[in-house]
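Single-letter residue listing:
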Amino acid sequence: MRLRFASIVLTGLLIGGGCAAGGRDVRPRAQAAAAPATRPANLAANLTLDQIEPRPTLPKAHPTTGPAPIESLVLYARSRDAMAQNQRYSAINLIEQALQIDPDSFDLNYALGRAYIGTGGLTDRAISAFERAAEIQPNNLEIQTELGRAYQTRNDSAKAIERFRLAMQTEDYAAGDSLAAVVDYRLGLLLEQKGNSRAALECYLHLLNRLQYPSPGTRASPEVNYLLSRPELVYEAIGHLQELLGEYEEALRTYQHVADHATGELAPQAWIIQVLLKLHRNNEALSAATDVVRTFHASPESIALLRDVHEKTGSAQHFTDALRELYRQHPDDKAILFALADTLAGSGHLPQAAEMLARGVDVSGANIEVIQRLYHLWADRDETTEAIRLIVRTSAVHPESTGEVQDLFSDLARPSRKVPLRLAALQKLAVPPAEQAALQYWIWQLATMTGRTAVARASLEQSASATPVFDPACRTLLTIYLNRTDVNPQTRQQSAQTLINSVRSRGRNDLAMELTGLMELGANQNEQALRDFNEAISLSPRSIGSPDLRLEHALSVQRQGDLGRFETLLWKLLGDRPHYTAAYELLLAYYQQSGNESQEWTLINSWLGAEPSSVPARLNLVKGLLSQHRDEDALAQMRRLFDDHPDDAAVVGNLISLLRSANQVQQLMELLEAERTRHPGNRPVVESLVLLYSRDNRLNDATRVLDAARIAVATDPDQLYFVAGLYHQIDQPQMTEQILQDVLKLDPNHPQAGNDLGYTWADAGKNLDRAESMIRSAVKAEPENTSYLDSLGWVLYKRSHFDQAAPIFEQASQPLEDADPVVLDHMGDNLYRLGRAADARQSWQRSLQKMGDQPERKDLRDLRLILQSKIRQADANQSVDVAPVAEAPQSREQAKN
């Protein structure tokens, strides 16, 4: 909403003219305090300009006598040349020398004042020079105007008003000189600031007349020239004064003129409505406010205006009914729907608001904006169950929207939420059979995020095998099959083809063809992939295909080298799906790789226009600013992003990288510590601080951070397990063990905690019964988890159950080419205990070789030397120092029993 005329436009002009504006009320007109119902009681407000005392009178002139001395004329000419060369202080010195020769010269005194004004800090000297010039030629519009401006700059409003009133008595003012409009405008502003509304209105009316009938040269003044191009701004100021004076009918006509010439602006409409209220024309005000809501698509300002009118007319209880009627008339207007839903929710009618938005989701065909609104209605009130139901239902009914609600799911699963989404709760969520496939897909997502690999795999396979086919699960499973590193290429292809055949057998030839295209795209068979995607689009039950299919199709076009069509396809996709993150990311990567900075910025701006709060979009904005070496702007954007999303791992990581590269490490630590103080359980911040402190060997600080985090997340088993891992990183085994026990008290079936604590006890040779029980529980939950299998083998080894441990280690080490060095070492020790020394040496050797392929790991630091020692002992036919056991070895018969 545009603010009042004098506050913006006139102030801007005053700044341009070297003067400062007064302290005018700058509240939006729709929010301004109501004027009195009668004309103002303040007599000063109603005084005309002639009635304001004292009334200055133009004095008589004191003309100079005789011609100007030649010496002064020469100095004056030299001063003008110095001014032309911007040597202002040299010019001032020359004029002062000339004035010593000819002190009564109007031109010299005026020129000296102008020179002083130009320095910006010598206003008092300028005024003295202008005053001397005015004494010489008082009937001079230019000198009186300059004096008024100078006093205005010095905030001496009384003398400024006096000089402008004297200017109005000059002959040039009466003749309509171009400066006359400047006098009207500046005097009007000063009088308005003093509360002389009637007199100010006179000035503005004079100004308006001059703008309507400008004299030649009027445009010579920048101030007046600007007003000539925007006369509605003068109307606005006039309307405000008429309103203050209680002349509501006149104000109404004036504001209507502004509204007629400022289409698309809400403020003039709001002023009209406020005046209608003051005229007690309440029905007209209500009708006009309703029209404003429709015209401005239920913007927050228009809704606030309608609410204000209802409150002022004593019909606040009917405000919701008015919105309902608007929505009935315009059921496709999302803004009105959102306004009505917000109003209902805010007045305690949350179920009605949710029901209305849910209908909006159905009517709009899963419009993402409506879904987001309904999601936040639940999520912002910590109604996690209802929020996840919405996500599951949306993806079940509209699978093509799954990618667009991904961000909502990620938001709901944030550990720092007051009521975050839990895997156990999601697994127990009751949904109709038709939504089961979608539910299992989201279970896969959350299980993957929390490290429950077996649960994730089982859920995804269940989702992908459902009937009717759930497309997102099939695409995801195919991608997993094609990217497996634990099997050979032939097995990968067979798994993918089996999935494709299964999809086709369930009646989805279109998706089967799409998956075939994906498989060929992964094998760089680009031409065939493009044909398959084209066929998939033609077979799709939706005329334009899902956004995922369209994205894949565009990618195949790019691989074929048709870059122009690739861009066109993606821009069209974004036009249809402006909230589809994957398309932005693919197109942005293309522009960045091709160095097309112009298009890169166009895309980022489009992305931010569609999703102003999008974290990926805002991170790419930061990246773009850095590429232009606008480091300060990038830092400012990054800090704002961190303020908005302090628990987003990508945001925290980028903040750290950016501030460290800018050598602002101290500021970085202060930001992170401030956020941690506010939210001690903020996972990305806690992890980052622990890492930074441990790198600097500030273990006391790292412990302090973790101690606070442990208390903050004491009732959350998953968060607590994460904290235990950080204690382990800074070598605090006792605290790690204690917290793992705390996790299991909260969730006795927590597989990660059960495995880790069980392995810790087994390695230490204590609590072996409980350790084995916990590890077996973890293996039962995730039977193919190689870490859990290794832990089970290790506890059996420690209990001297070597025969039982052997097949467990064998399973944990498959396939051998991907086996972990620790697993191979454990298996070697177990083989040695079984008397298979040669096999044991081979396993140790494989472990040593695998270590060369592994990044630096804490648990491998000492293993290399141990392995080398074992191999040397084995080669020398010496007794090998394998890991000790905790229980006495059993006979084979005892072990079997």
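Residues numbered from 1 in each chain as written. Predicted model: local features only at pLDDT ≥ 70, side-chain atom pairs only at ≥ 80, totals over all residues. Heavy atoms only, no water.

A.B. asks: Which parts of the structure should I look at to understand the overall build of the protein chain?
C.D. replies: Tallying secondary structure elements over the protein chain gives 50 helices and 0 strands in all. Here the C-alpha radius of gyration of the protein chain, 40 Å, is well above what a compact globule of 897 residues would show, namely 29 Å. If you line up the protein chain on its principal axes, its C-alpha atoms span 135 × 65 × 55 Å. The buried share of the protein chain, reckoned over its 897 residues, is 49%. Surface accessibility of the protein chain: about 42,000 Å² in total, with carbon and sulfur atoms responsible for 49%. Within the protein chain, the 114 negative side-chain charges are centred at a point lying 2 Å from the centre of the 92 positive side-chain charges. (Helix = DSSP H or I, 4+ residues; strand = E, 2+ residues; numbered from the N terminus. Rg over C-alpha atoms; globule rule 2.2 N^0.38 Å. Buried < 20%, exposed > 50% of the residue type's maximum accessible area, 1.4 Å probe, protein only. Areas by Shrake-Rupley, 256 points an atom, 1.4 Å probe, with all protein chains shown as cover. Lys, Arg positive; Asp, Glu negative; His and termini not counted. Charge placed at Lys NZ, Arg CZ, Asp CG, Glu CD.)

A.B. asks: Can you walk me through a negative patch on the surface in this structure?
C.D. replies: The grouping of Glu 142, Glu 171, Asp 172 and Asp 177 at the surface amounts to a negative patch. Within the secondary structure layout, Asp 177 lies in the loop between α9 (171–174) and α10 (179–194). Among the residues examined, Asp 177 registers a relative accessible area of 33% and is labelled partly exposed. (Patch = residues over 30% accessible without salt bridge, like charges linked within 9 Å, V, L, I, M, F, W, Y side chains within 5 Å. Salt bridge = Lys/Arg side-chain N within 4 Å of Asp/Glu carboxyl O.)

A.B. asks: I'm lost on helix α21 (residues 368–379) in this one. Help?
C.D. replies: Turn by turn, an α-helix covers 3.6 residues, leaving residues three or four places apart pointing in a common direction. The first and last C-alpha atoms of α21 sit 16 Å apart over 12 residues, in line with the 16 Å expected at 1.5 Å per residue. Across the 12 residues of α21, 9 count as buried, placing the element largely inside the fold. Turning to α21, its buried residues are Ile 368, Val 370, Ile 371, Gln 372, Leu 374, Tyr 375, Leu 377, Trp 378 and Ala 379. Residues of α21 that are buried make contact with α19 (334–346), α20 (350–363), α22 (384–397) and α23 (406–412). Of the residues that open α21, the one with a side-chain oxygen 2.9 Å from the backbone nitrogen of Glu 369 is Asn 367. (Expected span 1.5 Å × (residues − 1). Contact = heavy atoms within 4.5 Å. Polar contact = N/O pair within 3.5 Å; in protein donor to acceptor, adjacent residues only side chain to side chain.)

A.B. asks: Please clarify how the pattern of salt bridges should be interpreted in this entry.
C.D. replies: Oppositely charged side chains are able to pair whenever their charged atoms sit close together. Summed over the entire model, instances satisfying the criterion amount to 46 salt bridges. For Arg 359, the salt bridge is made with Glu 355, and the minimal N-O distance between the two is 3.2 Å. One end of the pair, Arg 359, and the other, Glu 355, are both in helix α20, 4 residues apart, so they sit about a helical turn from each other. Look at the salt bridges and you will find they share partners, linking Asp 471, Arg 475, Arg 508, Asp 510, Glu 514, Asp 548 and Glu 552 into a network.

A.B. asks: For this particular structure, what's the right way to read the side chain of Gln 242?
C.D. replies: Tracing the sequence through the fold places Gln 242 in helix α13 (residues 232–244). Judged by relative accessible area, which is 8%, Gln 242 ranks as buried.

A.B. asks: Please explain unusual backbone geometry as it appears in this structure.
C.D. replies: Negative phi is the rule for most residues except glycine; trans is the rule for most peptide bonds. A cis geometry characterises the amide bond from Glu 53 onward to Pro 54, with omega recorded as -5°. With respect to the helices and strands, Pro 54 occurs in the loop between α2 (43–46) and α3 (70–84). Going from Thr 467 to Pro 468, the amide bond is cis rather than trans, its omega being 0°. Examined against the element boundaries, Pro 468 turns out to sit in the loop between α26 (453–464) and α27 (471–482). At Asn 697, a residue that is not glycine, the phi angle is positive and equals roughly 60°. Checked against the element boundaries, Asn 697 lands in the loop between α39 (683–695) and α40 (699–712). Despite not being glycine, Asn 877 has its phi angle at roughly 55°, a positive value.

A.B. asks: How should the packing of helix α45 (residues 786–798) against helix α46 (residues 802–812) be read in this particular structure?
C.D. replies: Any two packed helices are characterised by the angle at which their axes cross and by the distance between the axes. At a closest axis distance of 8 Å, the pairing of α45 and α46 adopts a crossing angle of 160°. Here α45 is positioned roughly antiparallel relative to α46, judged by the angle of their axes. Crossing hand, α45 versus α46: left-handed. For the pair formed by α45 and α46, the contact residues are Thr 786, Leu 789, Asp 790, Leu 792, Gly 793, Trp 794, Leu 796 and Tyr 797 on the first element and Phe 802, Gln 804, Ala 805, Ile 808, Phe 809, Gln 811 and Ala 812 on the second. Among the residues forming the contact of α45 with α46, the class breakdown is 10 nonpolar, 4 polar and 1 charged. (Axes fitted to C-alpha atoms, helices over the stretch in contact; angles between N-to-C directions. Parallel < 35°, antiparallel > 145°, perpendicular 65-115°, else oblique. Left-handed = near helix turned anticlockwise from the far one by under 90°. Nonpolar A, V, L, I, M, F, W, Y, C, P; charged D, E, K, R; others polar.)

A.B. asks: Which parts of the structure should I look at to understand the packing of aromatic side chains?
C.D. replies: Here the distance between the centres and the angle between the planes together describe a pair of aromatic rings. In the structure shown here, the tally under the stated rule is 13 aromatic pairs. Pairwise contacts between aromatic rings join Phe 409, Tyr 441, Trp 442, Trp 444 and Phe 470 into one cluster. Its guanidinium or amino end placed over the ring of Tyr 173, Arg 210 lies 4.7 Å from that ring's centre, counting from NZ or CZ. Between the NZ or CZ atom of Arg 683 and the centre of the ring of Phe 722, over which it lies, the distance is 4.0 Å. (Phe/Tyr/Trp six-rings, centres within 6.5 Å; stacked < 30°, edge-to-face > 60°. Lys NZ or Arg CZ within 6 Å of the ring centre and 35° of its normal.)

A.B. asks: Quick question: what am I supposed to make of the nonpolar core here?
C.D. replies: In this structure, Leu 191, Ile 388, Ile 391 and Leu 426 are the most contacted members of the largest nonpolar core, which totals 164 residues. Top contributing element to this core by residue count: α10, with 10 residues. Ranked by size, the runner-up nonpolar core spans 103 residues in total, among them Leu 588, Leu 692, Ile 730 and Val 882. (Core = buried A, V, L, I, M, F, W, Y, C linked by side-chain atoms within 4.5 Å.)

A.B. asks: Would you mind showing me how to read the environment of Ala 424 here?
C.D. replies: Within the secondary structure layout, Ala 424 lies in helix α24 (residues 423–427). By relative accessible area, which is 43% here, Ala 424 ends up partly exposed. When the C-alpha atoms of Ala 424 and Gly 681 are compared, they prove to be 21 Å apart, with 257 residues separating the residues in sequence.

A.B. asks: I keep staring at helix α33 (residues 581–594) and nothing clicks. Help me out?
C.D. replies: A rise of 1.5 Å per residue sets the reference length of α33, with its 14 residues, at 20 Å; its end C-alpha atoms lie 20 Å apart and thus fit the reference within 8%. Within α33, burial applies to Thr 581, Ala 583, Tyr 584, Leu 587, Leu 588, Tyr 590 and Tyr 591. Tucked inside the fold, the buried residues of α33 contact α23, α31 (547–559), α32 (563–576), α34 (597–610) and α35 (615–627).

A.B. asks: I tried to follow the environment of Tyr 110 on my own but got confused; where do I start?
C.D. replies: Structurally, the position occupied by Tyr 110 is in helix α5 (residues 106–119). The sequence separation of Tyr 110 and Arg 132 amounts to 22 residues, and the corresponding C-alpha distance is 8.2 Å. In contact with Tyr 110, other than residues within four places in its own chain, are Phe 130, Ala 133, Glu 142, Ile 143 and Glu 146. At 2.7 Å, the side chain of Tyr 110 forms a polar contact with the side chain of Glu 142.

A.B. asks: Can you walk me through the side chain of Thr 343 in this structure?
C.D. replies: Relative to the helices and strands, Thr 343 is located in helix α19. Using a relative accessible area of 10% as the deciding quantity, one classes Thr 343 as buried. Sequence-distant contacts of Thr 343, defined by excluding residues within four places in its chain, comprise Arg 307, Phe 319, Thr 320 and Leu 323.

A.B. asks: Mind showing me how you'd approach the confidence of the model for the protein chain here?
C.D. replies: As a general rule, the predicted coordinates of low-pLDDT regions are not to be interpreted in detail. Mean pLDDT over the protein chain works out to 86, with 92% of the residues at or above the 70 mark. Contacts for the low-pLDDT stretch residues 1–38, under 50 throughout, to residues beyond four places or in other chains number 85 contacts. Overall, residues 891–897 carries pLDDT values under 50, and its contacts beyond four positions in sequence, including any with other chains, amount to 3 contacts. (pLDDT = per-residue confidence, 0-100.)

A.B. asks: What exactly am I supposed to notice about a nonpolar patch on the surface here?
C.D. replies: A cluster of nonpolar side chains, contributed by Ile 70, Leu 73 and Val 74, occupies part of the molecular surface with about 280 Å² of accessible area. Mapped onto the fold, Val 74 is located in helix α3. Given a relative accessible area of 45%, Val 74 falls into the partly exposed group.

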